[in-house]
Amino acid sequence: MIVVAAQHIQKSYGADPVLQDITLEIKAGERVGIVGPNGAGKTTLFKLLAGIESPDSGELYRAKGTVWAYLPQTPKYPDQWRTQDVIASAFEEVIRLQQELRSLEQQMSEVYESAAELEKLMQRYQKLQEAFEQLGGYEYETTMAQVIEGLRITPEHLATPFQLLSGGEKTKAGLAKLLCQRSDVLLLDEPTNHLDVESMEWLEGFLKDYQGTVLIISHDRYFLDAVVTSVYHVDGGEAEYYIGNYSAFAKEREERLLRQFAAYQEQQKQIKKMKETIKRLKEWGNRSNPPNEAFHRRAKSMEKALARIERIDRPKMEADRMGLAFQKTERSGQDVMTAAGVYKAFGGKELFADAGFLLRYGERKALLGPNGCGKSTLIRMLLGEMEPDAGTLKVGSNVKVGYLSQQAWEGDHNLRVIDMFRQVALVTEPEARHLLARFLFYGEHVFKRVGQLSGGERMRLRLAQMMHQEINLLVLDEPTNHLDIEARETLEEALADFRGSLFIVSHDRYFLQKMADGVFWVEDRQLVHDVGTYEEAREKRRQRQSVKEKRAAVETVAAPKAKAEEPPPPAPKRQNPYKLSELEQKIAKLERERDEVLARLSGGEENYQQLLEWQTQSEQLQAQIDEHFQSWLALQESFE
């Protein structure tokens, strides 16, 4: 069944065309990746498919009765909602039915004397119960708990007002809500942004088992490879369809471009030959005296044939890319960064305890761990922006650090792009404009304020600065955030040629696989080092965790047996004899109070509530008597 189809749809904003000729068809059960450069119109296409916006022209078909769920990059909810409320809103109808069922239960308990009214309520209750069951009412709390655990949303975040969350935390909460919803079509716009590796792997498994249709906008090549079964490439206002995951798409796209370029070259040869023939025919006709009309008629006929040829556009073999290349500089000392005995805590939460590591010249290491484990804190301590509570962190001799933060720029957002660039590159304004053009800042774009730039543009600007600095250690905190796939590939190529050391914090597994030769894992407030590519390090960590789990299971089984075999405890020390007398007095007093209460119970009191209170009081007194008597017995045995 086709869930959505588009025929030649167009969409513009003002005078700027975004989508010009989109034709696509998506069937039920497909998992489709939407890829393309930043600004190509992928999010606009999602809004059209979801019915949030309407196309300016063309036809758009959506299957009747299908339920669509759309995750925007920046979800919005009422100010007073907590994160828990946002996720629970996925079950709004289920919760409403649950409350109505509870209300009916209360009503049925009150009208049991009226058989007709009770029958009416029971019939309504049965209908609501069937609807509640069809919506998964009996499983909704379990489903919500599984999603919250899979995305690693903490209890603190669940209780936090949604408006106080960071951008990444808001996206994660919106994703949790979406995954809890019962929908036929999921539209996910950059769902892996701000997720740690474990959460990404859980999401991959969830989507592969999902019974409906999934459409994903993503620049995460590893995620696309794992999840999607087909790809639409959006560029130049059009969309091309490819079967397979991202790797299959990349290979097929290259082959198509080569075929298209060969066809373009062949057609250009044909056109050139026809033009030369037309020119010769006209010359021969004009040389005749009188002019030969036959040659002119033949030339005219060929001109018409030439005009009828459907021209093949010259394919764009490569997208516009940054001209990124790091300067060569003198090497650092052998020990680039060291840490030993590092302790750090925030608000009572201990991030590191006796942690340490060593980065040597030329090494390319990744720092990985779940969100909130202290990765960015460790980088700030290494850069001297923060002090550890204990221990030492040291940057080696002759080390020249280049730092790329997640935000790419924390300075004055009122600065113009060209002014920010010239803070580092000591060049004239015309030279700066020429250099910035290599980073895709053209024309008047160089005069925009930094605060007006997108995340990807800020990242490109910071990379332009770093290209003009002497650096032999690059510290990169989520460097591929906000970059499209072409920009990521350019960065990877530049880093491959970089002659220095790398220290990377990233959740981009494709990037890590190409860049890292080892991983420092944040585990139990320590830094555990595994040598090898990301995949090799990941496998070593899995094996380590498997051994831990087996050892814990063995210890759990062995614990009761060891307890049963342990020798009897030593004889207790001789107790104070005065305690026996003290306990006897307490027991006697409690027995008198109990007897008084029992006397009231048998005194003919008719107040039911009062009788209940006395009964409870007598039971509590008896429990205290029994407790003191056991203590008395234990003391008595110690004197025997």
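Because the structure is predicted, anything quoted here is derived from the model rather than measured.

What counts and how
Residues numbered from 1 in each chain as written. Predicted model: local features only at pLDDT ≥ 70, side-chain atom pairs only at ≥ 80, totals over all residues. Heavy atoms only, no water. Helix = DSSP H or I, 4+ residues; strand = E, 2+ residues; numbered from the N terminus. Rg over C-alpha atoms; globule rule 2.2 N^0.38 Å. Buried < 20%, exposed > 50% of the residue type's maximum accessible area, 1.4 Å probe, protein only. Contact = heavy atoms within 4.5 Å. Areas by Shrake-Rupley, 256 points an atom, 1.4 Å probe, with all protein chains shown as cover. Lys, Arg positive; Asp, Glu negative; His and termini not counted. Charge placed at Lys NZ, Arg CZ, Asp CG, Glu CD. Axes fitted to C-alpha atoms, helices over the stretch in contact; angles between N-to-C directions. Parallel < 35°, antiparallel > 145°, perpendicular 65-115°, else oblique. Left-handed = near helix turned anticlockwise from the far one by under 90°. Phe/Tyr/Trp six-rings, centres within 6.5 Å; stacked < 30°, edge-to-face > 60°. Lys NZ or Arg CZ within 6 Å of the ring centre and 35° of its normal. Expected span 1.5 Å × (residues − 1). Arc of directions from axis to C-beta. Pairing = 2+ DSSP bridges.

Let us look at the overall build of the protein. Per the secondary structure count, the protein includes 20 helices and 18 strands. Against the globule reference of 26 Å for 640 residues, the protein gives a C-alpha radius of gyration of 36 Å, more extended than a compact globule. When its C-alpha atoms are laid out on the principal axes, the protein stretches across 145 × 85 × 50 Å. Taking all 640 residues of the protein together, 41% fall into the buried category. Taking all contacts inside the protein whose residues are at least 6 apart in sequence as the whole, residues at least 24 apart take part in 68%. For the protein, the exposed surface amounts to about 35,200 Å²; the carbon and sulfur share of it is 49%. The average position of the 85 basic charges and that of the 99 acidic charges among the side chains of the protein differ by 10 Å.

It is at 8 Å that the axes of helix 10 (residues 246-287) and helix 11 (residues 293-308) come closest, and there the two elements cross at 160 degrees. One finds that helix 10 runs roughly antiparallel with respect to helix 11. In this structure, helix 10 meets helix 11 at a crossing whose hand is left-handed. The residues of helix 11 that touch helix 10, namely those facing I271, M274, K275, T277, I278, L281, K282, W284, G285 and N286, are F295, H296, R298, A299, M302, E303, A305 and L306.

Moving on, we come to the packing of aromatic side chains. To describe a pair of aromatic rings, you give the distance between the ring centres and the angle between the ring planes. Scanning the entire structure with this criterion turns up 15 aromatic pairs. Each ring, one from F46 and one from Y70, has its centre 6.1 Å from the other, and the planes form 75 degrees; the classification is edge-to-face. Of this pair, F46 sits in helix 1 (residues 42-49) while Y70 sits in strand 5 (residues 68-71), placing them 24 residues apart in sequence. Look at F46 and you get buried, because its relative accessible area is 0%. An angle of 25 degrees between the planes, with centres 6.5 Å apart, marks the rings of F206 and Y210 as stacked. Taken together, the ring pairs in this structure connect Y77, W81 and F162 into an aromatic cluster. Its end group placed over the ring of W68, R62 keeps NZ or CZ at 4.3 Å from the ring centre. The side chain of K344 reaches across the aromatic face of F346, ending 5.2 Å from its centre.

Counted at 1.5 Å a residue, the expected span for helix 3 (residues 92-110) with its 19 residues is 27 Å, and the 28 Å between its end C-alpha atoms agrees. Of all the positions in helix 3, only V94, L97, Q98, L101, L104 and M108 are classed as buried. Along the long axis of helix 3, the arc covered by the buried residues comes to 125 degrees, so they all point the same way. The exposed set on the far side of helix 3, more than 90 degrees from its buried face, consists of E92, Q99 and E110. Tucked inside the fold, the buried residues of helix 3 contact helix 4 (115-134) and helix 5 (140-150).

What the six strands build is an open sheet, ordered 14-15-16-12-17-18; its pairing is mixed. Each end of this open sheet is capped by a strand with a single partner; those strands are strand 14 (401-404) and strand 18 (526-531). Each strand axis lies, on average, 20 degrees off the axis of its neighbour in the sheet, ignoring direction. Both strand 15 (residues 473-477) and strand 16 (residues 501-505) contribute to a ladder of five bridges, which runs parallel. Along strand 16, the bridge assignment pairs L474 with L502. Packing of helix 15 (residues 455-466) onto the sheet brings it into contact with strand 14 and strand 15, and relative to strand 14 it is tilted by some 175 degrees.

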